[in-house]
Amino acid sequence: MKENNKILQLIYVAWRERWSDSQWGINIKKVLPRGVSGDVYNLADCLMQQALIGSTANPLVLNYLKHSLCTHLVSHAAVLRCIAKYDKLERVYCITALLEFLASIVDGVTCRIKSEEAILPGAVVHLVYWLFQIFARTVQHYELYSEISGEQSYMLDQTCLVIDRLSQQQFLLSMLFVGCHEELEICGRLRDKYASIKGSLTNSNFTLNAPAVEQQLQQLAFIEAKHLDMQTLNPSPTLEKISCCVQPLLAVEVLLNPCKDTSYYVAELQMLQRLKRYSNTRLFYEIIRAGFLTLSNVADTSPDTMWGAFMFFKMPHIIKQLHALQRLPGEQPPPADYIPELVEALELLIEDNLLLDFMDTKCSCNMIEFLLNDWTKQQLVSEVHVKKFASQREAASQLLKKCDNGQQTPSNINFIKRAEVPLSGVLKTLCTNKVQDMVNVLCQVPVGNSFELILSVATVEGRLKTFVSRLIQCNENSKPVPGELGKLCVIRSTLFDVSFLMLTSIVQTYGSEVVLSERGDSFFEKWVRECMVERNKLKNPRQILALCDDSIVDELLLSLSKPEAAQLKPSNLSWQDTCLNLPGVLHHVLIAWEQETLSSADVKSILDNIKRRLFSFSVCATSFLCAYMYLVKETELLKPLNMIQQFLAPLTNEELSSQENAKERLALSYQIIRKMQHDVHPAPSAKSRLISHSPLVEQFREVWRSVVEAGHLPVRAAQTLESLLLAGGAAWLATQLVEQLLACKYTRDMSRTMDVVFAVMHLDIEKTTEALLQNVVAPLMLRRQGEDINEPQSLVLARLCVYCIISCLESRSGNSSAALTAMKKRSRSHDEEELTPNAAKVRKVIGEGSDNSSEFTDTTGAAGGTGLGGNLLGTAAAAFTAEVRATPLTLKEPLQTSVQHIFGVFLQFVSGDELSPKAVFVYQFISLLVECGGERVAPVLRLLPSNLVQQLLKVLVTDDIRVGLISRLYDLRVPGGRQAAVADLCLWRNMQMARHSIHL
């Protein structure tokens, strides 16, 4: 208090003697202790009180205040707070003087020390509220009396001037933004005051001299992050005429996750839409175009049927859900019979004549008309639109038909739509108890490619598990009835055989963890768990043999080696018992053959007898032999391999005619046996996507050339890249992909390549993102110190990293453990964490040839429940999508460790004193993370090292970093976040002022 009295006494003396500013400065420093701010002794308050003691302001004392401010005796925060506390708003002259004073200092507001940083945001909020009070008081006076005095008019003009200056100062806006999170009560009163001002202006028809001030008042009252300046690095969608991201991403997702229900794809596409800032029209266009592009480059095999089914059955529901989720509350409902954005998207698509001509030729039909005729039933487009678009393509379609001359082979696409009816028929028949009907229907399914078509439709419609469960029930119901002989017994055995073969084929295609329940107690489910060999899920042959019953094995040995003698002895063996005990028989046969107790002819006879009984028996036998081959030495592989080849030997016409529908069941068993053998012991000469003797790098370059030539990601290329991921690992593949990205010379090529690379990394987004952040980026930046990565390579690389982090963050998050489990389950049984030693051997040579055999094509799905087929829209779809894509409060591993690692590397990049491309990369990374992720990346931003941004500000001497970026980096709802944000903003402000000051 002693110093306060001295300060007041000094003010009286200065005013009485009319000291100049310099005299005041000299004498006040004699009163204040050395190195102590005047804020400690409320110097600003003392000067303000004396300046405003009368009905008019004392200009001399206000000059002393300004001088104290300029000489840093008081802080801007303290002065603003003092002004905001002045509540005698009826004193027009005093208020006007303060407004003039504010107008003179508002452009230079800053902070110098920590104590000032703590009070500046609150001071700015109170100051803005003080300005609103003055404004509201004046316009309300006009509303009541329809006039204001000249002094009031001038005061209002000065208020508008200060508001205009404040609105143009990004630093003050950022302080206001931070302060509104701190002073919640004042912020609420501020908005109420704005509503009052708006009402008074509307009621009184008052015309302001500054027309923009009303918008500025709204901006200050409802300050948001979007009002703060931030440099945009993510390219605008208008600059990207052709997108290369939707098609590759869908190609990968349909390859890996065809069983996922509609909401999964919707969430994935919404993530991409946010990253790319696509409108619904653009997104719908890209989705349809992606479907056509992929279909244009696949053969009539499983990928074709899967993609065709996806396009005709899943895509309409995806579009419908996307449209439903994009509607804002209170928005006018769209037309009932069509989606306007989809019609606009089709208008864009119809201009792509080359693509549509190719599809019309491939499918031997007007593809647009063929597609839209079905979409009318789902109220995606109307009949009017179908006629319009079909007529636009009619001339081209007719011309293509004439050029074709009827030589075009009908595509599977023409039959995909028809497969929905057989699927429904099969499911309906399987619900009955009529054994003959079930046999008749199921034996027709494996004919031609009907099985693939039905599986594809069942997969994308979410009915695959229903199909599997009914097949299992059918297999259970086909158990032999004691004493049943003749035709009924044959029919029952045929039903068991065909259902067993179909189930085994489905498990091979999709993986047991996808289509079977974990604790199923049916015979087939138990056999799969204990005896069936799947890729990289091999079984221990000793454990399989432990399940065998010695008495049953002996009986089977007798009946198979001497069928004539066995016929004299009645047998009660069921087909299930035979399946479980065949491994014991084969083990005895192998030992006897090794010891030359049995001749090759004897072994052949036994194997032929196994195959003649039921074709499913040869599948069970092959499964054991594959498990056995995994354990024996290479020199001992020949005999079990020969035994498998014997199961693949063709039957005579007489043998085929002895059984009903034998041809179809035999073909399906051959396919299953070949795949089992191939998974465990691939033939050295086989040209498939799983085996190649060329180095991995050469295989990668070859497949990448095919991607570049195609202009999109063909399904075969996606399969090869998946194999290369398994062979070389995530770090190797990520390195190769980034090298291809950096090899591009032009910005447009880089952007397109980045989109494809981003999609390919979704083969395993978690592991590839981890590899990118931990093993690729940092070594790449450090290794190229002599040839540092400059623009635009660094920007594209930063964008790739950010995209991967956001996708990994969103796609692997979930509020429930069930959702998390479902998201993390892979459709394929050969995830890297499940790789067996045998798969590790395959890594050395794994790859794909150019002419893959369709027998080994693996189109698989993921555990995603039975799926809704896109029928649930609105609230249910939104709830599911929100659950799958909800932003977690904390990061899961390995993402958290990877982000912490890269942030630690960034701290090293900016630890020096000079600007380098590495520092620019750090800025681009952080800026893109904020720009693309918004509030969703809050868990990532929490991991930022405390001094990273400040160090970056000191190194990056350009104007790239702006207040909008800094304000978005921290959680302003907590004191620590506000404190860190204000510290960085004040450092930014001081550096800006120093950079732009005039040096005399």
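The shown structure was predicted, so the numbers you read here are calculated from the model rather than taken from an experiment.

Cut-offs and rules
- Residues numbered from 1 in each chain as written.
- Predicted model: local features only at pLDDT ≥ 70, side-chain atom pairs only at ≥ 80, totals over all residues.
- Heavy atoms only, no water.
- Helix = DSSP H or I, 4+ residues; strand = E, 2+ residues; numbered from the N terminus.
- Buried < 20%, exposed > 50% of the residue type's maximum accessible area, 1.4 Å probe, protein only.
- Contact = heavy atoms within 4.5 Å.
- Areas by Shrake-Rupley, 256 points an atom, 1.4 Å probe, with all protein chains shown as cover.
- 1 Å grid on protein atoms, 1.4 Å probe; cavity = no way out; pocket = protein on both sides within 12 Å on 5 of 7 lines; lining within 4 Å.
- Points joined across faces, edges and corners; volume = space filled by probe spheres on them.
- Nonpolar A, V, L, I, M, F, W, Y, C, P; charged D, E, K, R; others polar.
- Core = buried A, V, L, I, M, F, W, Y, C linked by side-chain atoms within 4.5 Å.
- Expected span 1.5 Å × (residues − 1).
- Bend = angle between axes of the 7 residues up to and from the residue.
- Axes fitted to C-alpha atoms, helices over the stretch in contact; angles between N-to-C directions.
- Left-handed = near helix turned anticlockwise from the far one by under 90°.
- Disulfide = S-S within 2.5 Å.
- Salt bridge = Lys/Arg side-chain N within 4 Å of Asp/Glu carboxyl O.
- Phe/Tyr/Trp six-rings, centres within 6.5 Å; stacked < 30°, edge-to-face > 60°.
- Lys NZ or Arg CZ within 6 Å of the ring centre and 35° of its normal.

This paragraph deals with the overall build of the protein chain. Helix and strand counts for the protein chain stand at 51 helices and zero strands. Burial analysis of the protein chain (1000 residues in total) assigns 56% to the buried set. In the protein chain, the share of contacts with a sequence separation of at least 24, taken over all contacts with a separation of at least 6, comes to 81%. Looking at the protein chain as shown, the accessible area adds up to about 42200 Å², and 52% of this sits on carbon and sulfur atoms.

On to the layout of surface pockets, then. Volume-wise, the second largest pocket comes out at about 1000 Å³. If you trace the second largest pocket, you find 33 residues lining it, with Gly933, Gly934, Glu935, Arg936 and Arg968 closest to the centre. Those elements that provide at least two residues to the lining of the second largest pocket are α9 (170–182), α13 (262–276), α47 (917–933), α48 (938–941) and α50 (963–968). Looking at the lining of the second largest pocket residue by residue, the classes come out as 15 nonpolar, nine polar and nine charged.

Membership of the largest hydrophobic core comes to 339 residues, with the highest contact counts inside it found for Trp130, Phe135, Ile288, Phe292, Phe467, Trp527 and Phe925. Per-element tally for this core: the top contributor is helix α7 (residues 114–145), with 14 residues. Not counting residues up to four positions away in its chain, the partners in contact with phenylalanine 292 are Met311, Leu349, Leu355, Leu356, Met359, Met367, Ile368 and Leu371.

Below, the discussion takes up helix α36 (residues 662–680). With 19 residues, α36 should cover 27 Å at 1.5 Å per step; its first-to-last C-alpha distance of 27 Å lies within 8% of that length. Of all 19 residues in α36, 14 are buried; the element is thus mostly enclosed.

Below, the discussion takes up helix α41 (residues 765–783). Each α-helix winds once per 3.6 residues, and so residues spaced three or four apart point in a common direction. Under the 1.5 Å per step criterion, the end-to-end length of α41 is 25 Å for 19 residues, consistent within 8% with the ideal 27 Å. The axis of α41 is deflected most strongly, by about 40 degrees, at leucine 772. All of the buried residues along α41 are Ile765, Glu766, Thr768, Thr769, Ala771, Leu772, Leu773, Val776, Val777, Ala778, Leu780 and Met781.

Moving on: unusual backbone geometry. With an omega dihedral of 5 degrees, the bond running from glutamate 893 to proline 894 counts as a cis peptide bond. Residue arginine 18 is not a glycine yet carries a positive backbone phi of 50 degrees. Within the fold, arginine 18 resides in the loop between α1 (2–16) and α2 (21–31).

The geometry of α7 relative to helix α8 (residues 150–168) is characterised by a closest axis approach of 10 Å and an angle of 145 degrees between their N-to-C directions. As for how α7 packs across α8, the hand of that crossing is left-handed. Of α8, the residues touching α7 (which contributes Leu127, Val128, Leu131, Ile134, Phe135, Thr138 and His141) are Gln152, Met155, Leu156, Thr159, Cys160, Val162, Ile163 and Leu166. Split by residue class, the contact of α7 with α8 holds eleven nonpolar, four polar and no charged.

Glancing now at the state of the cysteines. Per the counting criterion, the structure on display carries zero disulfides. The structure places no disulfide on cysteine 801, whose sulfur is separated from the nearest cysteine sulfur, that of cysteine 804, by 7.0 Å. Left without a disulfide partner, cysteine 986 is nearest to the cysteine sulfur of cysteine 111, which lies 3.8 Å away. Taking the relative accessible area as the measure of exposure, cysteine 986 reaches 1% and is therefore buried.

Right, let's talk about the pattern of salt bridges for a bit. For the coordinates displayed, the defined rule picks out 19 salt bridges. In this structure, glutamate 185 engages arginine 189 in a salt bridge whose closest nitrogen and oxygen atoms are separated by 3.8 Å. Placement of both glutamate 185 and arginine 189 in helix α10 (residues 184–204) is noted, with a separation of four residues, approximately one turn of the helix. Residues participating in the shared-partner salt-bridge network are Arg282, Glu286, Arg289 and Asp352.

This brings us to the packing of aromatic side chains. Scanning all chains against the criterion turns up 23 aromatic pairs. Taking the centre distance of 6.1 Å and the plane angle of 80 degrees together, the rings of phenylalanine 700 and tryptophan 732 count as edge-to-face. Within this pair, whereas phenylalanine 700 is found in helix α37 (residues 696–710), its partner tryptophan 732 is found in helix α39 (residues 730–742), the two being separated by 32 residues in sequence. Exposure class is identical for phenylalanine 700 and tryptophan 732. Each is buried. Consider the rings of phenylalanine 906 and phenylalanine 909, whose centres lie 6.3 Å apart with planes at 40 degrees: the pair is tilted. Taken as a pair, phenylalanine 906 and phenylalanine 909 lie in helix α46 (residues 895–909) at a separation of three residues, close to a single helical turn. Assessed through its relative accessible area of 8%, phenylalanine 909 is described here as buried. An aromatic cluster of at least three residues, connected via ring pairs, comprises Phe496, Phe500, Phe523, Phe524, Trp527 and Trp575. Stacked on the ring of tryptophan 15, the Lys or Arg arginine 18 has its end atom at 5.0 Å from the ring centre. Taking the ring centre of tryptophan 593 as reference, the NZ or CZ of lysine 639 above it sits at 5.3 Å.

What follows deals with the environment of cysteine 804. Here cysteine 804 shows up in helix α42 (residues 793–811). Separated by 45 residues in the primary sequence, cysteine 804 and alanine 759 have C-alpha atoms spaced 9.3 Å apart. Cysteine 804 has contacts with Phe758, Met761, Ile765, Thr769 and Leu772, leaving out every residue within four places of it along the chain.

On to the environment of isoleucine 197, then. Residue placement: isoleucine 197 occurs in helix α10. Each residue touching isoleucine 197, except ones within four places of it in the same chain, is listed here: Phe132, Phe135, Ala136 and Leu217.

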